[in-house]
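# Summary of structural features
Chain by chain, the residues run as shown.
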Amino acid sequence: MAKKANKTASKLTVGLALASMSWVINTGTANLSVLAQPVNEKKCDISAVVIDKDPQGLNVRSSPSSNSRILGKIPTYESVEIIASSGNWVKITNAYREIGGFQGTGWVFLSMLGTATRGYETNGVNLYASPSQQSRKIARVPRRTDVKLIGCQGQWAQIEYRGVKGWLKSDDQCGVGTTCS
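### Some remarks on the nonpolar core
- One finds Ile82, Ile92, Leu113 and Leu149 to be the most contacted residues of the largest nonpolar core, which totals 26 residues.
- Breaking this core down by element, the ones donating at least two residues are β1 (42-50), β2 (58-61), β4 (79-86), β5 (89-93), β8 (125-128), β10 (146-153) and β11 (156-161).
- Element by element, the count of residues in this core is highest for β1, at four residues.
- Beyond its immediate sequence surroundings of up to four residues, Leu149 is in contact with Ile46, Ala48, Ile82, Leu110, Leu113, Gly114, Thr115, Ala157, Gln158 and Ile159.

Okay, here's the thing in structure tokens:
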């Protein structure tokens, strides 16, 4: 009887060990697959200027997360090209730094970038309800006005001006660190 009990206990131990290993392996695989999922990017093609006031510069990261590796830094007032967005993060490239600074492609927190309106000697530019000139005009923004950049889609910049959120067409954006006409 003791032999039979030992044999049963041994089978249970082996079964429990195999089940535990299976759980650990499957859980680890599931967690790795979540981490390996591609970022849901929306394509953008606009310019912006760094407005982060950190004297060390704006952190450029390897992925859209404050926990990801820092690839470099971009000084305040430098211009960048935004090529994609994902949530509150944008993928940038071409930091316009003549000497030193970050070169390459990486992710920055969107609220650390800004833009302005052009106007081309007009009394202001239209702010649209959606990224299309066929959408409703919801406000008029004075020319050469700094605005809060809150998103992008294609060549359209989503901005906020005096509490109104809307879209600026590409001709009306000024995302460079100098005054636009």
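We are not done yet, so read on.
### Quick word on the packing of aromatic side chains
- Counting across every chain of the model gives two aromatic pairs.
- Judged by centre distance (5.3 Å) and plane angle (75°), the rings of Trp89 and Phe109 are edge-to-face. Here Trp89 is found in strand β5, whereas its partner Phe109 is found in strand β6 (residues 105-109), with 20 residues between them in sequence.
- Relative accessible area serves as the criterion here: at 12%, Trp89 is assigned to the buried category.
- Judged by centre distance (5.6 Å) and plane angle (85°), the rings of Tyr128 and Trp156 are edge-to-face. Of the two residues, Tyr128 sits in strand β8 while Trp156 sits in strand β11, which places them 28 residues apart along the sequence. Trp156 shares its class with Tyr128; the two are buried.

### Digging into the environment of Val164
- Assignment of secondary structure puts Val164 in strand β12 (residues 164-168).
- Overall, Val164 belongs to the partly exposed group, its relative accessible area being 31%.
- Taking the C-alpha atoms as reference points, Val164 and Ile138, separated by 26 residues in sequence, lie 8.2 Å from one another.

So, how was this worked out
Residues numbered from 1 in each chain as written. Predicted model: local features only at pLDDT ≥ 70, side-chain atom pairs only at ≥ 80, totals over all residues. Heavy atoms only, no water. Core = buried A, V, L, I, M, F, W, Y, C linked by side-chain atoms within 4.5 Å. Buried < 20%, exposed > 50% of the residue type's maximum accessible area, 1.4 Å probe, protein only. Helix = DSSP H or I, 4+ residues; strand = E, 2+ residues; numbered from the N terminus. Contact = heavy atoms within 4.5 Å. Phe/Tyr/Trp six-rings, centres within 6.5 Å; stacked < 30°, edge-to-face > 60°.

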